[in-house]
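# Architecture at a glance
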Amino acid sequence: RKKIGVLTSGGDASGMNACVRSVVLYGISKGCDVYAVYEGYQGNRGIQVDGECVLGVVVDGSLVDGGDYIRKMDWRSVTGYLSIGGTSIGTARCMPFKTREGRLQAAENLIKNGIDSLIVCGGDGSLTGADLFRSEWDGLVRELRGADRITQEEATTFKHLTIVGLVGSIDNDMSSTDITIGAVTSLHRICEAVDSVDTTALSHSRAFVIEVMGRHCGWLALMAGIATGADFVFIPEQPPSEDDWETAMCTVARRHRDLGKRKTIIIVAEGALDRHLKPIKVDHIKDVLTDRLGLDTRVTILGHTQRGGSPCAFDRILGTVQSIAAVDAVLASTPETPSPMIGMNNNKVTTKPLMDAVRLTHQVAEAIESQNFEKAMALRDPQFLD
Ligand code: ATP
């Protein structure tokens, strides 16, 4: 009988709850025991201060505390999860998991709970950590046995750890998958916000410079620009080709105004760069529009509203179908199988080696840093691997 742990890690993304629900329900239907690991890797490590848990979450009306971070789920534990944004089992950025000592503790906690498989829903950092955890597993088990922290029987039973990755991130920045869980909900929130700004911009004939999330990835900014008909978009992957991008932007904005437009909308990815890789700042854009075009210009930083709230239908479906594939991957895994990442390519759920996707994602960042934008795009393009 497989004992599967499911955890959400890194930045929260709408649709993570659909993943947890689907892993629990499908896992149980396949005869597995399913455990939720609360607070990401933090929960896995079971952080305590003076014997008390630092964090607790309310699930089904009861407070999970007293070190009870790993909790067996039943059919009813995930009631209502589909429509709840973020992640109800909590997430955290857990620095100790980046250390070997932290991962040793995590291994002990999993073994003591009898868990032999972990489904991790998170961004590239979380999935890098998951793959590292698996690659070290053999050594961690030996060390735990050597220190008498686990029994010989446990060391033999838990010889292998199965890891499966689900990509939960609003940024859509993972290579080898077309779309990540949470990105579309976030895009919806951005479009709603830009639409709201549009009405006031139109009324006052103003310009707005709107900063959106995405870290080093311009997907949210670009898609929001297309979906809202923005006048100009700045993204990290394609910096303006001229040094004097201010003039290029003003020319476009002026032309649109001359054609009778009463509003100007500029969307800026938070990681936007000029062609010398210097950050393009929203306040600077505001000053340019004000000084050169005389536009009454405001800055709007959308901030954490973009994390989503209630997931859109797409993210509920994506989280659900990918998690079914994740449980199937756990059941099909052997000690020799590389850890898989569940992706979506050409509208089909796909399974690819996790480490390849993580490596390519890191290479995208390097390619952008070295201004090789075409290579960056090719590395992110899922067809690249096929
Ligand atoms: P997002 O894309 O939303 O930021 P993420 O998963 O990339 O999500 P990170 O903060 O990079 O977010 O990582 C989440 C957690 O994963 C970290 O707090 C840490 O516990 C673990 N982690 C990240 N990188 C590593 C690593 N190299 N080795 C071990 N663990 C890691």
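Residues numbered from 1 in each chain as written. Predicted model: local features only at pLDDT ≥ 70, side-chain atom pairs only at ≥ 80, totals over all residues.

### So, the overall build of the protein
Note the threshold: The helix count covers DSSP runs of H or I at least four residues long, the strand count covers runs of E at least two residues long, and both are numbered beginning at the N terminus. For a compact globule the rule gives 2.2 Å times the number of residues to the power 0.38, and the radius of gyration it is set against comes from C-alpha atoms. Any residue with 12 or fewer other C-beta atoms within 10 Å of its own C-beta is exposed, any with 20 or more is buried, and the rest are partly exposed; the C-beta atoms used are placed from the backbone. Any residue pair is listed as a contact if its two C-beta atoms, each placed from the backbone, are within 7 Å.
In terms of regular secondary structure, the protein is built from 12 helices and 15 strands. On C-alpha atoms alone, the protein measures out to a radius of gyration of 23 Å, which is about the 21 Å that the 2.2 N^0.38 rule sets for 386 residues. Once the C-alpha set of the protein is aligned to its principal axes, its extents read approximately 75 × 45 × 45 Å. Residue burial in the protein is summarised as follows: out of 386 residues, 50% are buried. Of the contacts formed within the protein by residues at least 6 apart in sequence, a portion of 76% connects residues at least 24 apart.

### Topic: the sheet that holds strand 8 (residues 117–122)
Where we set the bar: The pairing criterion for strands is at least two bridges between them, as found by DSSP. Lines fitted to C-alpha atoms define the axes, with helix axes restricted to the stretch in contact, and inter-axis angles between N-to-C directions lie between 0 and 180 degrees.
Taken in spatial order, the 7 strands of this open sheet run 7-2-1-8-9-14-15, and their pairing is mixed. At either end of the open sheet lies a strand with only one pairing partner, and these are strand 7 (70–72) and strand 15 (348–353). Neighbour-to-neighbour, the strand axes of the sheet open up by a mean angle of 25°, direction not taken into account. Its contacts with the sheet put helix 10 (residues 313–332) on strand 1 (3–8), strand 8, strand 9 (162–167), strand 14 (340–345) and strand 15, and the angle it makes with strand 9 is roughly 165°.

### A few points about the environment of Ser22
Here Ser22 shows up in helix 1 (residues 16–29). Separated by 298 residues in the primary sequence, Ser22 and Thr320 have C-alpha atoms spaced 5.3 Å apart. The contacts of Ser22, once residues within four sequence positions are left out, are Gly319, Thr320, Ser323 and Ile324.

### Some points on the UniProt feature "active site" (unreviewed entry) in the protein
Rules: UniProt positions are given in the numbering used here, feature names are shortened, and annotations may be inferred rather than shown by experiment.
Within this structure's numbering, the places UniProt gives as "active site" (unreviewed entry) are Asp171. Residue classification places Asp171 among the buried residues on the basis of 25 C-beta atoms within 10 Å. Setting aside chain neighbours within four positions, we find Asp171 in contact with Ala183, Met213, Gly214, Arg215, Cys217, Trp219 and Leu220.

### Here we look at the packing of helix 6 (residues 183–204) against helix 7 (residues 219–228)
The line we're drawing: Working rule for angles: under 35 degrees goes down as roughly parallel, over 145 as roughly antiparallel, 65 to 115 as roughly perpendicular, anything else as oblique. Note on convention: the crossing is left-handed when the near helix lies turned anticlockwise from the far helix by less than a right angle, right-handed when the turn is clockwise. Any residue that is not Ala, Val, Leu, Ile, Met, Phe, Trp, Tyr, Cys, Pro, Asp, Glu, Lys or Arg is counted as polar, Gly included; the first ten are nonpolar and the last four charged.
With their axes 9 Å apart at the nearest point, helix 6 and helix 7 run at an angle of 50° to one another. Between helix 6 and helix 7, the crossing angle belongs to the class labelled oblique. Considering only the axes of helix 6 and helix 7, their crossing is right-handed. Within the contact between the two elements, helix 6 uses Ala183, Ser186, Leu187, Ile190, Cys191, Val194 and Asp195 and helix 7 uses Trp219, Leu220, Met223, Ala224, Ala227 and Thr228. The residue makeup of the contact of helix 6 with helix 7, split by class, is 10 nonpolar, 2 polar and 1 charged.

### As for the site of the ligand
Rules: Contact assignment follows one rule, namely that a residue is near a molecule or strand if its backbone-placed C-beta atom lies within 6 Å of it.
Within the structure, the ligand sits among 18 residues, and Gly10, Gly11, Gly123, Gly125 and Gly129 are positioned closest to it. Considering each element in turn, the shell around the ligand owes the most residues, 6 residues, to helix 4 (residues 124–146).

### Describing the sheet that holds strand 10 (residues 207–212)
To summarise the sheet geometry, strands pair through backbone hydrogen bonds and adopt either a parallel or an antiparallel arrangement. With respect to topology, 4 strands assemble into an open sheet ordered 11-12-10-13, the strand pairing being parallel. Lying at the two open borders of the sheet, with one neighbouring strand each, are strand 11 (232–234) and strand 13 (297–301). For this sheet the average axis-to-axis angle between neighbouring strands, irrespective of direction, equals 15°. Bridge analysis of strand 10 against strand 12 (residues 264–269) gives 6 bridges, and the strand direction is parallel. Across the sheet, residue Val212 finds its bridge partner in strand 12, namely Ala269.

### Some words on helix 9 (residues 282–293)
Residues spaced three or four apart along an α-helix face the same direction, because each turn holds 3.6 residues. To be explicit about the condition: Working rule for helices: expected span equals 1.5 Å times residues minus one. The reported arc concerns the directions from the helix axis to the C-beta atoms and nothing else.
The end-to-end C-alpha distance of helix 9, which contains 12 residues, comes to 16 Å, matching closely the 16 Å that a straight helix rising 1.5 Å per residue would cover. What helix 9 keeps buried is the set Ile285, Val288 and Leu289. Viewed end-on, helix 9 has its buried residues packed into an arc of 95°, placing them on one side of the element. Along helix 9, the residues that are exposed and aim more than 90 degrees away from the buried face are Asp283 and Asp291. In this structure, the buried side of helix 9 is in contact with strand 10, helix 8 (245–258), strand 12 and strand 13.

### Examining helix 4
Rules: At every residue, the bend is computed as the angle between two fitted axes, covering the seven residues ending there and the seven beginning there respectively.
For helix 4, built from 23 residues, the straight-helix expectation of 33 Å at 1.5 Å per residue is met to within 8% by its first-to-last C-alpha distance of 32 Å. If you look at helix 4, its biggest bend is around 55°, right at Trp137. Backbone geometry just downstream of helix 4 places Asp148 in the positive-phi region, at approximately 60°.

### Topic: the pairing of strand 8
Burial within strand 8 is extensive, with 6 of its 6 residues counted as buried. Burial along strand 8 is two-sided: Ser117, Ile119 and Cys121 facing one way and Leu118, Val120 and Gly122 facing the other are all buried. In this sheet, strand 8 lies alongside strand 1 in parallel orientation, the contact comprising 5 bridges. By the bridge assignment, Gly5 is partnered in strand 8 with Leu118.

### Here we look at the packing of helix 1 against helix 10
In contact at an axis separation of 8 Å, helix 1 and helix 10 are set at 40° when each is read in the N-to-C sense. One way to sum up the angle between helix 1 and helix 10 is to call them oblique. The way helix 1 lies across helix 10 gives a crossing that is right-handed. Contact with helix 1, carried on its side by Met16, Ala18, Cys19, Ser22, Val23, Tyr26 and Gly27, involves Asp315, Arg316, Gly319, Thr320, Ser323, Ile324, Ala326 and Val327 of helix 10 and no other residues of that element. The class makeup of the residues in the contact of helix 1 with helix 10 is 8 nonpolar, 5 polar and 2 charged.

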